[in-house]
Amino acid sequence: NFIINENARRRNGRFVADNRDNFIFGSSRWVSLSDAKRSLVQLLPSSTHVIGHALGGDLAWLSAKGVVVEKPSFDTQAIAPALNGGVTEGLSLKKLCVSHCDFSPTYLHNGGNDAFYTLLVFLRMCQVDTDSCAEFNRLNSR
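Here the structure is a predicted model, which means the values were calculated and not measured.

Observations concerning unusual backbone geometry
Next up, step 1: One non-glycine residue with positive phi stands out, namely Asp 102, at about 60 degrees.
Next up, step 2: In this fold, Asp 102 is placed in the loop between helix H4 (93-101) and helix H5 (111-125).
Next up, step 3: Positive phi outside glycine occurs at His 109, with the angle close to 70 degrees.
Next up, step 4: As for its position among the elements, His 109 is in the loop between H4 and H5.
Next up, step 5: Its relative accessible area of 38% is what places His 109 among the partly exposed residues.

Topic: the nonpolar core
Next up, step 1: In terms of nonpolar packing, the biggest core is built from 16 residues, with Phe 25, Leu 93, Leu 96, Tyr 117 and Val 121 touching the most fellow members.
Next up, step 2: Elements represented by at least two residues in this core include exactly H4 and H5.
Next up, step 3: Discounting chain neighbours no more than four positions away, the residues touching Val 121 are Thr 76, Leu 93, Leu 96, Cys 97 and Cys 101.
Next up, step 4: Counting five residues, the second-largest nonpolar core is a separate cluster that includes Leu 44, Val 50, Leu 55 and Val 67.

A closer look at the pattern of salt bridges
Next up, step 1: If you walk through the whole model with that rule in mind, you get three salt bridges.
Next up, step 2: Here Asp 18 makes a salt bridge to Arg 11, at a shortest N to O gap of 2.7 Å.
Next up, step 3: For Asp 18, a relative accessible area of 27% corresponds to the partly exposed category.
Next up, step 4: For Asp 35, the salt bridge is made with Arg 38, and the minimal N-O distance between the two is 2.4 Å. A residue pair is termed a helical-turn pair when its members lie 3 or 4 positions apart in one helix, as Asp 35 and Arg 38 do in helix H1 (residues 33-43) at three residues.
Next up, step 5: Using a relative accessible area of 35% as the deciding quantity, one classes Asp 35 as partly exposed.
Next up, step 6: Looking at Arg 38, the relative accessible area reads 44%, which means it is partly exposed.

Parameters at a glance
Along each chain, numbering runs from 1 in the same order as the chain's sequence is written. pLDDT decides what is reported in this predicted model: residues at 70 or higher carry local features, side-chain atom pairs at 80 or more are listed and counted, and totals for whole chains, interfaces and linings draw on all residues regardless. Side-chain numbers here rest on the full set of heavy atoms in the structure, without hydrogens or water. Under the scheme used here, helices are H or I runs from DSSP no shorter than 4 residues and strands are E runs no shorter than 2 residues, and both carry numbers assigned from the N terminus. For the exposure calls, accessible area comes from a 1.4 Å probe over protein chains only, and a residue counts as buried if that area is under 20% of its type's maximum, exposed if over 50%, partly exposed in between. By convention a nonpolar core is built from buried Ala, Val, Leu, Ile, Met, Phe, Trp, Tyr and Cys residues, the set being connected through side-chain atoms within 4.5 Å. When checking whether two residues touch, look at their non-hydrogen atoms; a contact exists if any pair is within 4.5 Å. By salt bridge we mean one thing: a side-chain nitrogen of Lys or Arg within 4 Å of a carboxyl oxygen of Asp or Glu.

Written as structure tokens, this is what we have:
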């Protein structure tokens, strides 16, 4: 989980909870935006897909920063209506965790936590048995 040095003064809290300091699946690391971009650019070629929640904004932001994502992408918010009988309301990550994973996530609006929960929702949407993965269960029990 990267925390961007250039955003040190920016905090959530007005519209969503401020959970920058509450990454529960490991350690956060302060890095410059250029170092974070470099890490992502190095990681993307070995990736087969991009998975996100409300992914459009993220992809647009990455594009504006010069990061081109040419991988197939899956957006849990876009997939949910197909699984929910066309219902397009209540598609927040929290609500998808409740409806697809039977739990209420903690410390949302922390990039690393949101990424983990998004992956969990996506795998459950695909009916992947995450219970058979010991490491996944270890992380999910936090």
